[in-house]
Amino acid sequence: MILSQIFIARAHWLLGALFLAIVLEEYLPIVGPDGRRRRSRSLVVPWALIVGAVGVWATVVFADVLHDMVVHFLWGDVLFAAGALELARRRGVYERPWLDAVLPLAFLSCGALFMVHVLIDPSGQGAHWHLALGILLLAAGTLELVSLGLRRAPAVPLGLLPLAGFAVALIAIPVAAAS
Amino acid sequence: MVGGIPAPWRSGTIAEKHRRRLLAQPRVAVGIALVLVGVGWAIVRGLEFYGLTPAHIYYDLDQPPLLLMLVGIWLVRRVVRSR
């Protein structure tokens, strides 16, 4: 079943808005009454990752190119795994130090999938946008992994800017394409 | 001080302090910024109205300027509700 361009654009900018909400909820610090900044650990983020994964899996049904199907399927797997692990941690069911690396590794994996998508079909529709989005995710994942190794957590999370840029691009690019 | 009661106990000062603390939250600032960007984008790009059936309401809301506004309002509301 082949979808119209406007339908694809709608799905992408809706996913972009969801991702923007996830990024801002997770990475914008909360200033406590004592003036200290802390990270949010809400359950909204893992649930939103899981919902996003289901949405991405749904695109496998509508994709008309094999590598699109495989990439979106793997992308859904990554999001679902990240959401499930974060949910387990935030509910106190499973707590390990290595879980700090779940979200950065998820961003790196999704960025790598964007690159694979471009490598398989370099002349495909929107290849340069996929490249830009992949670079933003790779940068975000790398910066967040780096910040895990820092002694003091930075006041503004390092990955916030590339992640917000990715989300905004995911909204704005389909608008430009659909116009 | 008024009649031995310290000034901060006056309700206006507490409300003012609460509002200032709220505005100092990065989430509130970003949320308000998103709403303003969404409004500006809606004015420049215009919005479509599809109708009031459930499917049409989805199309009505699934427009990027409105989505940005919704994310901004959601962010601000989460901060206000958590206080």
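From a predicted model like this one, the values you see are computed outputs, not experimental measurements.

Procedures and definitions
- Residues numbered from 1 in each chain as written.
- Chains lettered and ligands numbered in written order.
- Predicted model: local features only at pLDDT ≥ 70, side-chain atom pairs only at ≥ 80, totals over all residues.
- Heavy atoms only, no water.
- Helix = DSSP H or I, 4+ residues; strand = E, 2+ residues; numbered from the N terminus.
- Rg over C-alpha atoms; globule rule 2.2 N^0.38 Å.
- Buried < 20%, exposed > 50% of the residue type's maximum accessible area, 1.4 Å probe, protein only.
- Lys, Arg positive; Asp, Glu negative; His and termini not counted.
- Charge placed at Lys NZ, Arg CZ, Asp CG, Glu CD.
- Contact = heavy atoms within 4.5 Å.
- Areas by Shrake-Rupley, 256 points an atom, 1.4 Å probe, with all protein chains shown as cover.
- Buried area = accessible area lost by both parts, 1.4 Å probe.
- Salt bridge = Lys/Arg side-chain N within 4 Å of Asp/Glu carboxyl O.
- Polar contact = N/O pair within 3.5 Å; in protein donor to acceptor, adjacent residues only side chain to side chain.
- Core = buried A, V, L, I, M, F, W, Y, C linked by side-chain atoms within 4.5 Å.
- Axes fitted to C-alpha atoms, helices over the stretch in contact; angles between N-to-C directions.
- Parallel < 35°, antiparallel > 145°, perpendicular 65-115°, else oblique.
- Left-handed = near helix turned anticlockwise from the far one by under 90°.
- Patch = residues over 30% accessible without salt bridge, like charges linked within 9 Å, V, L, I, M, F, W, Y side chains within 5 Å.

**Re the overall build of chain A**
(1) Moving on: Of regular secondary structure, chain A possesses six helices and two strands.
(2) Moving on: Secondary structure elements in chain A, listed N-terminal to C-terminal, are α-β-β-α-α-α-α-α.
(3) Moving on: The C-alpha radius of gyration of chain A comes to 17 Å, within 12% of the 16 Å expected for a compact globule of 179 residues.
(4) Moving on: Principal-axis analysis of the C-alpha atoms gives chain A an extent of 55 × 30 × 25 Å.
(5) Moving on: Residue burial in chain A is summarised as follows: out of 179 residues, 45% are buried.
(6) Moving on: One way to put it: in chain A the 12 positive side-chain charges average out to a point 12 Å from where the 11 negative ones average out.

**With respect to the overall build of chain B**
(1) Moving on: Helices and strands together make up the secondary structure of chain B, namely four helices and zero strands.
(2) Moving on: Taken from N to C terminus, the helices and strands of chain B fall in the order α-α-α-α.
(3) Moving on: Sequence separation of at least 24 residues holds for 57% of the intrachain contacts in chain B that already meet a minimum separation of 6.
(4) Moving on: In the structure as shown, chain B presents an accessible area of about 5,600 Å², 69% of it carried by carbon and sulfur atoms.

**Concerning the interface of chain A and chain B**
(1) Moving on: At the interface, 18 residues of chain A touch 21 residues of chain B.
(2) Moving on: Of the roughly 1,800 Å² buried where chain A meets chain B, counting both sides, 66% is carbon and sulfur surface.
(3) Moving on: Applying the counting criterion to the chain A and chain B interface returns two salt bridges.
(4) Moving on: The shortest N-O distance in the salt bridge between Arg27(B) and Glu25(A) comes to 3.1 Å.
(5) Moving on: Counting the contacts that link chain A with chain B gives seven residue pairs in polar contact (both at pLDDT 80 or more).
(6) Moving on: Contributing elements (two or more residues each) for the side of chain A that touches chain B: α1 (5-27), β1 (30-31) and α6 (160-178) of chain A.
(7) Moving on: Looking at the side of chain A that touches chain B, the element that brings in the most residues is α1(A), giving eight residues.

**Notes on the nonpolar core**
(1) Moving on: Core analysis: the largest hydrophobic core is formed by 45 residues, its most contacted members being Phe19(A), Leu20(A), Leu24(A), Leu137(A) and Leu163(A).
(2) Moving on: Here this core takes ten residues from α1(A), the largest share from any one element.
(3) Moving on: Other than its neighbours up to four places away in sequence, Leu20(A) contacts Ala164(A), Ala167(A), Val168(A), Ile171(A), Leu34(B), Leu68(B) and Val71(B).

**Notes on the environment of Val118(A)**
Residue and element names in this part refer to chain A.
(1) Moving on: Among the secondary structure elements, Val 118 is positioned in helix α4 (residues 102-120).
(2) Moving on: Note on Val 118: relative accessible area 13%, which makes it buried.
(3) Moving on: Along the backbone, Val 118 and His 130 are twelve residues apart, and their C-alpha atoms lie at a distance of 6.6 Å.
(4) Moving on: Here Val 118 is in contact with Ala 127, His 130 and Leu 131, once residues within four sequence places are set aside.

**A word on the packing of α1(A) against helix α2 (residues 44-62) of chain A**
All names here are of chain A.
(1) Moving on: It is the contact of α1 with α2, at a shortest axis distance of 10 Å, that shows an interaxial angle of 160°. Comparing their axes, α2 and α1 come out roughly antiparallel. α1 and α2 meet at a crossing whose hand is left-handed. Residues Leu 15, Leu 18, Ile 22, Glu 25 and Glu 26 of α1 form the contact with α2, whose participating residues are Val 45, Ala 48, Leu 49, Gly 52 and Val 56.

**Digging into the side chain of His117(A)**
(1) Moving on: In this fold, His117(A) is placed in helix α4.
(2) Moving on: Not counting the four nearest positions on each side in its chain, His117(A) is found in contact with His67(A), Asp68(A), Val71(A) and His130(A).

**Quick word on a nonpolar patch on the surface**
(1) Moving on: A cluster of nonpolar side chains, namely Phe49(B), Leu52(B), Ile57(B), Leu61(B) and Leu70(B), defines an oily patch on the protein surface of about 530 Å² accessible area.
(2) Moving on: Relative to the helices and strands, Leu52(B) resides in the loop between α2 (26-45) and α3 (54-61).

**Let's talk about the environment of Leu61(B)**
Residue and element names in this part refer to chain B.
(1) Moving on: Among the secondary structure elements, Leu 61 is positioned in helix α3.
(2) Moving on: Taking the C-alpha atoms as reference, Leu 61 lies 9.7 Å from Tyr 50; in sequence the two are eleven residues apart.
(3) Moving on: In this structure Leu 61 touches Leu 66 and Leu 67, once residues within four positions along its chain are discounted.

**Observations regarding the pattern of salt bridges**
Residue and element names in this part refer to chain A.
(1) Moving on: As enumerated under the stated definition, the model contains seven salt bridges over all chains in all.
(2) Moving on: Put simply, Arg 89 and Glu 86 hold a salt bridge, and the shortest N to O gap is 3.2 Å. With Arg 89 and Glu 86 both in helix α3 (residues 66-90), this residue pair falls three residues apart, about one helical turn.
(3) Moving on: Accessibility expressed as a relative area gives 1% for Glu 86, which makes it buried.
(4) Moving on: Salt bridges here are not isolated pairs; linked through shared partners, they connect Glu 26, Arg 41, Glu 86, Arg 89, Arg 90 and Asp 100.

Treat this as a map of the structure, not an account of what it does.
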